[in-house]
Structures are given as C-alpha cells and as structure tokens.
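Architecture at a glance
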Amino acid sequence: MLNGWHCDDNQEYDNTALYWIVNLKTEFTISPPGRLARINWPELWRYRDLFLVLAWRDISVRYKQTVLGVLWAILQPITTMIIFTFIFNRMAGIQSGDGTPYPIFLYTGQLIWLYFSGTVTKASQSLVVNASLVQKIYFPRLILPATSATTGLIDFFIALIILAGMMIWYGFSPGWIGLLTFPILLLTSIMCAMGIGLFLASINVKYRDVRHALPFFISTLMYITPVIYPVSMLDNYPWAKIAMTWLNPISGVITNARAGLLGKSEFDWQVMWISLLVSIVYLIIGLRHFRSTERYFADIA
Amino acid sequence: MSNPIIEIENLGKKYRIGALREPYLSLRDSVAHKAKHAWNVLRRKEHVQQKQEDFWALKDVSFSVNEGEAVGIIGRNGAGKSTLLKILSQITPPTEGKITMRGRVASLLEVGTGFHPELSGRENIFLNGAILGMTRKEIRRKFDEIVAFAEIEMFLDTPVKRYSSGMYVRLAFAVAAHLEPEILVVDEVLAVGDAQFQKKCLGKMQDVAKGGRTVLFVSHNMAAIEGLCSKAVLLEKGLLQSSGLAKNVIEAYLEDVLPHHLNKTDLRNSTDRSGTGDIRLVDFWIENNAGKKVAAVSSGKDCVFALEYESAINVQPKNIDVGISLSSPSGSHLVQLYSSYVGQVFNDLPQTGVFRCQVPKLPLGPNRYTVGGRLTANEIEADNPISGVGYLVVEAGDFYGTGKGVYHPNIPLLLDGTWDTK
C-alpha cells in the first residue's frame, strides 16, 4: 500500500516545460533579509517534489519501523477511548449531556484532538529533528512542518474509519450538514494546528527547553478543550465558554463535529465561522513568525 | 562576453560570539534575563550592557565567476570558506552585500544528506535526489546510471542501515554526481571513501567541470584544486586575499598563508645537540625553485632545503659533509641525503653561510615530516640537533602529472615509474 509513489508510472507528469520557464529566468539575488518576509509561493510550488518525498519518507518509515504497522494507528485511539470512558464516564460520572453514548461522544472529540495535538507536537519538532537537512541544504523550511500536518492525516483517516464503524454499531447516521461541513472543520483543525505548530517550531529552534515544556502545554490544552466533557457543562461559567470559543478553535470544531455527525445537538454555524476565522488568524501569526526567523535557522539549529 | 554567472559584491557575514559560544538558549533563561532587566529599569539601576562581541566570518568579499569556469576556494580552517559556501547555497543569509546568480544552483556540502537508514537503497536514491533538488522525472531518468556508478545493483532493496560504509558513501556520491545544475557548489566531499573511490569522484567532478558547467569547489587538497580548477580565490580571516589563476593563488597560499613557524624550531639557541660544535646549523627553511621561502611544498614540485651555518671563531673547518634526513610523523626514518653521497664535500667555507640542497620532484605524499640535519668535519660529528632542524609540510600535489593527485594516505613515499606489457 505504501510502497512508494515512484513505482506508480501513471502519476508521471511532464514538468519539463515548467522547468525551462524556471530556468530561463533563474537569475536571482542573495542579499541580507529584509524585515518583512513574505511567502514565496512560486518557490514553494517548485519544491513540491521535495514535500511529497519527505511526506512519503515519514509515512513509509513510520509504518515500516513498527511491527504492528497500521494496527498501531487503530490501537492508540481505541485504547485511549476505553481508558478515558472508564475513568471519566464510569468513575467520575461525566455524561455527554445530550444523550449520546459516552464512548462515541468521547471518540469523536478525541479523533480531532489526536490529529491536532499530534500535528502540533510533530510540527514544532520538525526543524530540530531535521537539523542535519536544515544545515546542509536550502529549501523552503515551511515544507518540514507542512509535512507533519500531512502525515498526521493518514492516522486521522484510519481513526475516522473506526468512527464510521462505531456509528454503525451505535446506529448513528450523519446528517447532511455534518457531511458538508466536515471538510471545513478539518481545514480549521489543520490551519489551527499549523499556526501553533509553526510558532512553536521557530521558537523551539532558538530555545531548546520548549521541547520539555511542550508535553505539559499539550496536556493542559486538552483539559481546556471539550474532549472528555461537553461544552454544555460550562453553562454556569459564561465567560469561560466565550473565552474557549474565541481562543480555542478546536473546541468549536469538536462541538460541531459531534453535532454534525451524531446529530444529537444543534449545529452552531456562528461558532463554526468563529473557529475558522480564529484559525486563520493563528495561521497567519504562525507563518509570519516562522518566516521572519526562518533564514537564521541554519545558524542556530 | 555575457554577464558573469555568479557575481559576489562586498559580501559580509557577522556572527555574535556570544551566540556562537552558547548555541542552545533556553527560554527560561531568556525570560529570567528579561525580567531581571525590567526589574533593574524599575529600580533605576544602571543598565548593564550585555557583552556581545561581533565576529566577521566574511568581510568585503567580491569576485565574479564566468559561465563554465571552475573556481577553487582555498584557505586555512576558519578562513570563511564554509561560510561562503553556506551563503552561496542560501542556507544562511549574508549580513551585508549581494550575490547575483544566473542559473540553477545545486550545492553539495555533504554526501548523503537526508539518507534514512530504514529505507532501501532504491528509496534513498529518490529521497536524496529530491533533497538535492532533482525532480522525480530526472531521478527516474538517471536511476540506472546512478545505481551502476554506485555499484550496488545487488543491494538495491536492502535498507541502507545494512550497507557497509563504503557502499553507503558510494551510493550517496553517485546520487550527487548526477545532479545537472548550471552552478555546482561543492564542499570537501572528496574527503570520504577509500583512495580508489576518491579518484573516481575526482574524475566525475572533472567531467562536470569540462562539461561547461560552473563549479565552485572548496578543498584542502591542492592537487584536486589544481587539477580541477582554472581559477581560485584565497580567503584569509574572512577577507579575500588573492584571486586569479589557480596556479598562482595556490602558490600564494603555500608561501604566505600557512604560518612559517610551522616548520621552525629555534635552532640557533637549542642546546639539545651533539657534536664538537666547531660548525653549527643555526637556521633552516625551505624554498621553492624560484628561490622564495615557502611554508609548504606540493608533492612532485622541486624545492630547496636551506641550512644556515656558523662556524666557531678561530676554527677553519675542513672536509665538511652535510646531510639531511626526513622522518614520518610516527618517527620512522624515511630518507636521507648527505652531500658526500653525491660527491660533494665542502672546504674553505666562510664563517657563515647557507648549505642548499636542491631536490627535484619531491617524492613525498601530503604530511608533515621532521627534517633532521647533521654536519661532520673530517668524519667527526660537528653538529647534530637531536630533535631535528625543522619540519617539511607537504601538500597534496600532482606528482605523476596526471591531474589526479589523490594517493594512498598511509604511504609516504611516491615511486615514479612507467608501466607497459610485453
């Protein structure tokens, strides 16, 4: 399955023409960086092969190294779901609040949370892990965190298949709204994870203790995201609810994913747009910070 | 003549020494420092300027390279060669100045960058190729050529972690060697592999240079530079010392940049010597065949060993035989040459003077050799400095006149000869 894209000859496309165009005007200058660094889209496009190869490398290595292979991507969310259900639902008595069985309620939130936290973690370490590349070869550094966000999607889709199985088991069928908005919710998660990941990646290069603070940051973040509890539990704390909606786009994504896919509570359009907007803002902040520090990564990485 | 393919104008790169010494900052320290600073400002304490020294790794470097030229970049360690390459490869930005490049650039600062041990040879060819800037199509087109060059057909689907180090390096270089950019920037990648493979790499590099592509090449191997490059630039402490024809720049490097004290011991005042002392060796140096003092000699070049002497007052030494010897760094005696061997003894010498021993086509590989000196008068030892008179630094050179100049590192003596069959 993951035997490598290069064996697939149908995928071959002719980019000779583009190559020549690029070549005819390859004159470029290297000069001290200005203050405002914009994203060089044509350059990113030229390096798409490298992006694909690095993503393929990460996926290939991940499923090659573990004996369990794909099974690992299945076991992790299921085990977490069983343990969390036991602790938070059976022992602590947390309920879904709208009559949804707790395991599927939890799993839907966890699906998005695991993608988000995994991407943030991997993206923030991508430059340090690939320091040998960064120090020896030029390429748009943005490729490295972007690769992390892409490879995380494989695990996400595997976990999504499990959700589909659970929905059949529990007798849920997704509504139209849920299916149509799901890509938007996923996009929101990707942008939010990338924004935070890019920011952390660039400060991780400079400050090496960020790596140690990160697990703490991620686990704290999980408790201020409605993964194991419904947002409705915050009804008595309106300020907390507002802060969560406006500062934590993932909370909106999770709530709406549950509403859309499981259909037990109402889909909140306003929250969806807020989440999307805030994610875009995070992405822009992350990108700008990354771009402004990017050129010095090789000196300090 | 069209515009030069690379134009470098007033290039400079500054590092902060503080940042160099402590590359891994911690956010905790940084926050603590800022808090302390804010506290001091609040209490109107005197602002303590943090000590930060600037260090210019490169300063005011300007030169240009025409299309199809191969330019060698030479200089001692720390002269700024690597920094220049990193700026040319866009890995790090310059602090000032500008470079204009008119062509696709590929840089090779290391072979095997990005190789993943878990992946097979086949997979790593694609991975490494993409990292070096090849498109998938290009890699696919050259795949068989790369595999053949690396001689790893049998192990194509074995993870590279099971490769021998030789196979690993061969594969890595093979991928790099098949890059086809207009401008190729190469660091000392030839310092890998066995002598056999180094020769192959150098040959491949020569093909690239002769194929009309522009090559910038950093090396300590003067023979490789001389064989490969028509021009060269010499960096010293971040400044451009000289540039021009490779031959002249290499000569300048050997004459000036290598410190002369490298082959000096304080011979005049040394008491660690045996012999009557009627006539003593007081100084030693090496000259090239133009009569200039040099700090190093390339293999295969002519040179002169010069020994300055002083005879004791009121002594008129007769029948003087002077000899030199060369020993390897491990201390084994390699060769010696007394003047009497070639039928020459000296009589009626002035009080002071210089013995000169001309050696054509120096038959030594690159290394630092100890030079011993000894004088006898009437076959009685007159002077013999125990720890030698100085050192001879030999740089790699083109001894056999074949343009290669890469020899086995453990064999100090170079044997000349010809081969044929009968």
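Residues numbered from 1 in each chain as written. Chains lettered and ligands numbered in written order. Predicted model: local features only at pLDDT ≥ 70, side-chain atom pairs only at ≥ 80, totals over all residues. Heavy atoms only, no water.

Angle between the axes and distance between the axes are the two parameters that describe a pair of packed helices. All names here are of chain A. Contact geometry for helix H5 (residues 102-129) and helix H9 (residues 210-223): axes closest at 11 Å, N-to-C directions at 165°. In terms of orientation, H5 and H9 fall into the roughly antiparallel class. Note that H5 runs across H9; the crossing there is right-handed. The residues of H9 that touch H5, namely those facing Trp113, Phe116, Ser117, Val120, Thr121, Ser124 and Gln125, are Arg211, Leu214, Ile218, Leu221 and Met222. (Axes fitted to C-alpha atoms, helices over the stretch in contact; angles between N-to-C directions. Helix = DSSP H or I, 4+ residues; strand = E, 2+ residues; numbered from the N terminus. Parallel < 35°, antiparallel > 145°, perpendicular 65-115°, else oblique. Left-handed = near helix turned anticlockwise from the far one by under 90°. Contact = heavy atoms within 4.5 Å.)

Moving on: the sheet that holds strand E1 (residues 27-30) of chain A. Read from one edge of the open sheet, 4 strands run E1(A)-E4(B)-E1(B)-E2(B), paired in antiparallel fashion. Two strands close off the open sheet at either side, each with one partner strand: E1 of chain A together with strand E2 (54-65) of chain B. Here the strands of the sheet are splayed against their neighbours by 20° on average, with no regard to which way each runs. As paired elements, E1 of chain A and strand E4 (residues 96-102) of chain B share 4 bridges and run antiparallel to each other. Looking at the pairing, Thr29 of chain A lines up with Thr100 of chain B of E4 of chain B. Set on the sheet, helix H3 (residues 81-88) of chain B makes contact with E1 of chain A together with strand E1 (6-16), E2 and E4 of chain B; between it and E1 of chain B the angle comes to about 115°. (Pairing = 2+ DSSP bridges.)

Now for helix H7 (residues 143-170) of chain A. With 28 residues, H7 of chain A extends 40 Å between its outermost C-alpha atoms, agreeing within 8% with the 40 Å of an ideal straight helix rising 1.5 Å per residue. Phi for Gly171 of chain A, located one or two positions after H7 of chain A, is positive at around 75°. (Expected span 1.5 Å × (residues − 1).)

A few words on the interface of chain A and chain B. Between chain A and chain B, the residue contacts involve 48 residues of the former and 50 residues of the latter. In total, chain A and chain B occlude about 4500 Å² of area from one another, counting both sides; carbon and sulfur atoms represent 60% of this. It is Phe28, Ile30 and Lys136 of chain A that lose the most area in chain A upon contact with chain B, and together they represent 15% of the buried surface on that side. On the surface where chain A and chain B come into contact, there are 1 salt bridge. Inspection of the region where chain A meets chain B yields 2 residue pairs in polar contact (both at pLDDT 80 or more). Every element with two or more residues in the side of chain A that touches chain B is listed here: helix H1 (16-24), E1, helix H3 (48-65), helix H6 (131-136) and helix H13 (297-300) of chain A. When residues of the side of chain A that touches chain B are assigned to their parent elements, the largest contribution, 11 residues, is made by H3 of chain A. Grouping the amino acids of the side of chain A that touches chain B by side-chain chemistry returns 22 nonpolar, 12 polar and 14 charged. (Buried area = accessible area lost by both parts, 1.4 Å probe. Salt bridge = Lys/Arg side-chain N within 4 Å of Asp/Glu carboxyl O. Polar contact = N/O pair within 3.5 Å; in protein donor to acceptor, adjacent residues only side chain to side chain. Nonpolar A, V, L, I, M, F, W, Y, C, P; charged D, E, K, R; others polar.)

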